[in-house]
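Residue strings, one per chain:
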Amino acid sequence: MDANQKKKVILSGMQPTGGLHIGHLTGALRNWVEFQDEFECYYTIVDLHAITVRQEPASLRRWTLDLAATFLACGIDPERSHIFVQSHVPEHTQLAWVLNCFTGMGECSRMTQFKDKSQKYPENVNVGLFAYPILMAADILLYQADLVPVGADQKQHLELTRNLAERFNHQYSETFKVPEPYIPKVGAKIMNLQNPTKKMSKSDENLSGVLFLIDDDAQIANKIKRAVTDSGNEILYREDKPGISNLITLFHIATNKPIPEIEQEFNGKGYGEFKKAVAEAVVEFLRPFKMRYKEIRANEDFLKELLKKGAEVARKVAGKTLQKVYRKIGFLQL
Ligand code: TRP
């Protein structure tokens, strides 16, 4: 790359709403770590988004630090990337307000995540939940992000972000970079151990099918031992064997062995023996992460200092964009 050419900007966010599981690590976070080599990265802990669903204050505070420690333990390097908490950068809510005034009610009510969540929490269908994607647009547009790595469930929100950016640019003048979605090469999807046709998710009802990154070794082994399997007794990666296929995926991720080799290795062996091997492999795979996590999480002063610095840098960048916006829409400048 030309030395004068600026690196492309990547921004992504994660909600501090509970422990992360192995799917976060092998899906999103592993990519986030890799992006650092090529891009200027902003990784934000989106606590403002989290409160669209009721949160217990002490848990929210704890989970925010947990998530920061998780980022670092995975290999996100605060010297190279900007890690910050969304609520520490008031420009997010400020730009979100402006964008609210450029978004149609219909655009928000069409969002499938809003529809899903209002069904799931009918007792708390609040305006924040409705405006959630507009706040997400603000997160992205403030940093003039070129690329936004998101899962399939967030693509619609990114589409709205692009529309809002174009709308504003068109009505005033070039202000926002119109971001592209970055759909990373998907690693193998990890399914819930108790319901192997459903993706592993931290909001699952059945948490005994979810492998949390901070589960202890015995918990991991137990969950894998109790994983739902399929009829028959062969260790084969096949569509009609979702339970065993999921365990093969886990073994593959933990050991890096190709799937046919795994099938070969366990040819003629029973489910029990295989599960034991998977449990051991996953425990070993998570061990280095857990050791780093424990050490980092124990040092709250260090984490807070790091988040403070992250927010300072973020505010400089975000403030510049917000000033431009305020000027263009006609807010009096003193
Ligand atoms: N809505 C995203 C999710 O739940 C989190 C998020 C908030 C985000 N702001 C963002 C993701 C900006 C990417 C960019 O997964």
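Residues numbered from 1 in each chain as written. Predicted model: local features only at pLDDT ≥ 70, side-chain atom pairs only at ≥ 80, totals over all residues. Heavy atoms only, no water.

(A) Quick peek at the overall build of the protein. In terms of helices and strands, the protein carries 13 helices and seven strands. Relative to the compact-globule value of 20 Å for 334 residues, the protein shows a C-alpha radius of gyration of 22 Å, a close match. Counting only residues that meet the buried cut, the protein has 50% of its 334 residues in that class. Nonlocal contacts in the protein, meaning residues at least 24 apart in sequence, comprise 74% of its contacts between residues at least 6 apart. Accessible surface, the protein: about 16900 Å² in total, of which carbon and sulfur atoms supply 53%. For the protein, the separation between the mean place of its 44 positive charges and that of its 41 negative charges on side chains is 3 Å. (Helix = DSSP H or I, 4+ residues; strand = E, 2+ residues; numbered from the N terminus. Rg over C-alpha atoms; globule rule 2.2 N^0.38 Å. Buried < 20%, exposed > 50% of the residue type's maximum accessible area, 1.4 Å probe, protein only. Contact = heavy atoms within 4.5 Å. Areas by Shrake-Rupley, 256 points an atom, 1.4 Å probe, with all protein chains shown as cover. Lys, Arg positive; Asp, Glu negative; His and termini not counted. Charge placed at Lys NZ, Arg CZ, Asp CG, Glu CD.)

(B) Structural context of the packing of aromatic side chains. Summed over the entire model, instances satisfying the criterion amount to 17 aromatic pairs. Taking 5.0 Å as the distance between ring centres and 85° as the angle between the ring planes, the aromatic pair formed by phenylalanine 35 and tyrosine 182 counts as edge-to-face. Remark: tyrosine 182 occurs in strand β5 (residues 180-182) and phenylalanine 35 occurs in helix α1 (residues 22-35); sequence separation between them is 147 residues. Consider the rings of phenylalanine 289 and tyrosine 293, whose centres lie 5.9 Å apart with planes at 25°: the pair is stacked. Of the two residues, phenylalanine 289 and tyrosine 293 are both situated in helix α12 (residues 271-297); the distance of four residues between them amounts to about one turn of the helix. By the burial criterion, phenylalanine 289 is buried, and tyrosine 293 matches it. For the cation-ring pair, lysine 269 lies above phenylalanine 266, with the distance from its terminal atom to the ring centre recorded as 6.0 Å. (Phe/Tyr/Trp six-rings, centres within 6.5 Å; stacked < 30°, edge-to-face > 60°. Lys NZ or Arg CZ within 6 Å of the ring centre and 35° of its normal.)

(C) How the structure looks around the packing of helix α4 (residues 91-100) against helix α13 (residues 300-329). Between α4 and α13, the shortest axis-to-axis distance is 10 Å and the interhelical angle comes to 25°. Relative to α13, the element α4 lies roughly parallel. Considering the relative orientation of α4 and α13, their crossing is left-handed. In this structure, α4 contributes Glu91, Gln94, Leu95 and Val98 to the contact, and α13 contributes Arg315, Ala318, Gly319, Leu322, Val325, Tyr326 and Ile329. Looking at the contact of α4 with α13, its residues break down into seven nonpolar, two polar and two charged. (Axes fitted to C-alpha atoms, helices over the stretch in contact; angles between N-to-C directions. Parallel < 35°, antiparallel > 145°, perpendicular 65-115°, else oblique. Left-handed = near helix turned anticlockwise from the far one by under 90°. Nonpolar A, V, L, I, M, F, W, Y, C, P; charged D, E, K, R; others polar.)

(D) Just helix α9 (residues 217-225), in detail. Buried within α9 are the following residues: Ile220, Ala221, Lys223 and Ile224. Axial view of α9: buried residues confined to an arc of 165°, hence all on one face. Where α9 begins, one side-chain oxygen reaches toward the backbone nitrogen of alanine 218, 3.2 Å away; that side chain belongs to aspartate 216. (Arc of directions from axis to C-beta. Polar contact = N/O pair within 3.5 Å; in protein donor to acceptor, adjacent residues only side chain to side chain.)

(E) Spotlight on the nonpolar core. Counting residues in each nonpolar core, the largest one holds 60 residues, and the members touching the most others are Phe71, Leu211, Ile224, Leu247, Leu250, Phe274 and Val282. Here this core takes 12 residues from α12, the largest share from any one element. Each of domain 1 (9-187 + 299-329) and domain 2 (191-295) contributes no fewer than three residues to this core. Those residues in contact with leucine 250, other than ones at most four positions away along the chain, are Ile22, Ile190, Leu193, Leu211, Val278 and Val282. Formed by 40 residues, the second largest nonpolar core is a distinct cluster that contains Cys108, Phe130, Leu160 and Phe168. (Core = buried A, V, L, I, M, F, W, Y, C linked by side-chain atoms within 4.5 Å. Domains from an automatic or database assignment.)

(F) Representation of the environment of glutamate 180 within the structure. Mapped onto the secondary structure, glutamate 180 falls in strand β5. Classification of glutamate 180 as partly exposed rests on a relative accessible area of 41%. Apart from the residues within four sequence positions on either side, glutamate 180 is in contact with Asp146, Leu147, Val148, Leu158 and Arg162.

(G) Inspection of unusual backbone geometry at higher detail. A positive phi angle, near 50°, is found at glutamine 144, a position not held by glycine. Mapped onto the elements, glutamine 144 comes out in the loop between α7 (127-142) and β4 (147-149). The backbone phi angle of asparagine 256 is positive, close to 70°, even though this residue is not glycine. Counting through the fold element by element, asparagine 256 comes out in the loop between α10 (242-255) and α11 (259-265).

(H) Seen up close, the site of the ligand. With respect to spatial proximity, 13 residues lie near the ligand, and among them Gly13, Tyr132, Met136, Asp139 and Gln154 are the closest. In this structure, tyrosine 132 approaches the ligand through a side-chain N or O atom, which is 2.7 Å from a nitrogen atom. Aspartate 139 has a polar side-chain atom sitting 2.7 Å from a nitrogen atom of the ligand. Computed on the free molecule, the ligand has an accessible area of 360 Å², of which 88% lies beneath the protein chains in the complex. At the level of elements, β1 (9-14) and α7 are the ones that each hand at least two residues to the shell around the ligand. A total of four residues in the shell around the ligand trace back to one element, the largest contributor, which is α7. For the shell around the ligand, a count of residues per class yields seven nonpolar, five polar and one charged. (Near = heavy atom within 4 Å.)

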